[in-house]
Amino acid sequence: MLHSKKDTLTRLLKNPLVASVRNDEGLDAVINCNAKVVFLLSCNILNVSEYCQRISDSGKEVFVHIDLVDGLASVPVSVDFIAQKTCASGILTTHTNMIKRAKELGLLTVYRIFLLDGVALQRAQRNITSNRPDFLEMLPGMMPSIVKQLTGYCSVPIIAGGLLTTEMDIRAALQAGAIAVSTTNPDLWGDLGLEAHAK
């Protein structure tokens with residue numbers, strides 16, 4: 001099944017808060033929140049399909065962090081498993097080989113990068129250029145100047161994540177050019193009256 005990047009962008013324009021779920025309590029909370037897009041950060045091969053279906057049934061689009069699915073390895077056939085056994089729209093990953101396979105299968109891709117230093121930023125820029133993910137999740141997301149630098153460098157929509165703990169942090173990331181922000185904090189999953197900045 002082919003998934004539409006345009007549909008995901010439309011969802012993020014309506015609500016630029018991505019609910020990131022890492023435990024059962026978060027799963028229960030995300031079902032009733034206003035977020036339109038969900039990142040599933042913790043599951044295993046026995047429950048990933050059920051979790052994706054519950055999230056999807058609540059009217060939300062779900063992306064599975066494939067690197068964190070207990071029981072799957074960071075090999076391309078794991079992407080086939082997600083494509084065949086779940087209703088996920090796409091995957092999050094730090095591995096470029098997984099992005100390539102997901103694109104072949106019609107899944108959307110979120111390339112997750114950890115910007116610890118200038119070397120990591122240069123590596124990320126090379127990988128973005130060569131792999132063309134649909135979205136980029138930048139961690140930590142509380143660096144508006146780096147968000148701005150990345151949005152100036154590439155046309156891939158950026159989702160800022162990690163260490164965004166207040167509404168002010170979220171607004172700063174969006175004003176710097178992020179299309180959305182991801183957070184595991186259910187208190188921030190509500191409608192804060194935020195506007196996304198489409199690329």
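Residues numbered from 1 in each chain as written. Predicted model: local features only at pLDDT ≥ 70, side-chain atom pairs only at ≥ 80, totals over all residues. Heavy atoms only, no water.

When helices and strands are counted, the protein chain shows eight helices and ten strands. For 199 residues, the compact-globule formula gives about 16 Å, and the C-alpha radius of gyration of the protein chain, at 15 Å, lands near that figure. Buried residues in the protein chain amount to 51% of all 199 residues. Residue pairs in contact within the protein chain that sit at least 24 positions apart in sequence constitute 54% of those at least 6 positions apart. Of the roughly 9000 Å² of accessible surface on the protein chain, a fraction of 51% belongs to carbon and sulfur atoms. Mean positive and mean negative side-chain charge positions of the protein chain (19 and 19 charges, respectively) differ by 9 Å. (Helix = DSSP H or I, 4+ residues; strand = E, 2+ residues; numbered from the N terminus. Rg over C-alpha atoms; globule rule 2.2 N^0.38 Å. Buried < 20%, exposed > 50% of the residue type's maximum accessible area, 1.4 Å probe, protein only. Contact = heavy atoms within 4.5 Å. Areas by Shrake-Rupley, 256 points an atom, 1.4 Å probe, with all protein chains shown as cover. Lys, Arg positive; Asp, Glu negative; His and termini not counted. Charge placed at Lys NZ, Arg CZ, Asp CG, Glu CD.)

Moving on: helix H2 (residues 24-31). Residues Gly-26, Leu-27 and Val-30 constitute the buried set of H2. Buried residues along H2 cover an arc of 105° about the axis, so they all sit on one side. If you follow the buried residues of H2, they end up packed against strand S1 (17-21), strand S2 (37-40) and helix H3 (48-57). The N-terminus of H2 is capped by Asn-23, whose side-chain oxygen sits 3.3 Å from the backbone nitrogen of Glu-25. (Arc of directions from axis to C-beta. Polar contact = N/O pair within 3.5 Å; in protein donor to acceptor, adjacent residues only side chain to side chain.)

This next bit is on the pairing of S1. Extensive coverage of S1 is indicated by the burial of five of its five residues. Burial of the side chains of S1 extends over both faces: Leu-17, Ala-19 and Val-21 are buried on one face and Val-18 and Ser-20 on the other. Sheet topology places S1 next to strand S10 (residues 180-183); three bridges connect them, and they run parallel. Bridge assignment links Val-18 to a residue of S10, and that residue is Ser-182. Relative to S2, S1 runs parallel, the two sharing four bridges. If you follow Val-21 over to S2, its bridge partner there is Leu-40. Handedness of the β-α-β unit built from S1, H2 and S2 comes out right-handed. (Pairing = 2+ DSSP bridges. Right-handed = clockwise from strand over helix to strand, strands pointing away.)

So, about the pattern of salt bridges. Enumeration over the complete set of coordinates arrives at seven salt bridges. Arg-112 serves as the salt-bridge partner of Glu-137, at 2.6 Å between the closest nitrogen and oxygen. Remark: Arg-112 occurs in strand S7 (residues 108-114) and Glu-137 occurs in strand S8 (residues 135-139); sequence separation between them is 25 residues. Where salt bridges share partners, they join Asp-80, Arg-101 and Glu-104 into one cluster. (Salt bridge = Lys/Arg side-chain N within 4 Å of Asp/Glu carboxyl O.)

Considered for burial, the residues of helix H4 (residues 76-85) that qualify are Ser-78, Val-79, Asp-80 and Ile-82. Looking at the buried residues of H4, the elements they touch are H3, strand S4 (61-65), strand S6 (90-93) and helix H5 (96-104).

Here the focus is the packing of aromatic side chains. Aromatic ring pairs: the centre-centre distance and the angle between the two ring planes describe each pair. Evaluated as defined, the whole model comprises one aromatic pair. Ring plane angle 75° and centroid distance 5.9 Å describe the contact between Phe-39 and Phe-63, whose orientation is recorded as edge-to-face. You can see Phe-39 sitting in strand S2 and its partner Phe-63 sitting in strand S4, a full 24 residues away along the chain. Each of the two residues, Phe-39 as well as Phe-63, counts as buried. Over the ring of Phe-135 we find Lys-5, and its NZ or CZ is 5.9 Å from the ring centre. (Phe/Tyr/Trp six-rings, centres within 6.5 Å; stacked < 30°, edge-to-face > 60°. Lys NZ or Arg CZ within 6 Å of the ring centre and 35° of its normal.)

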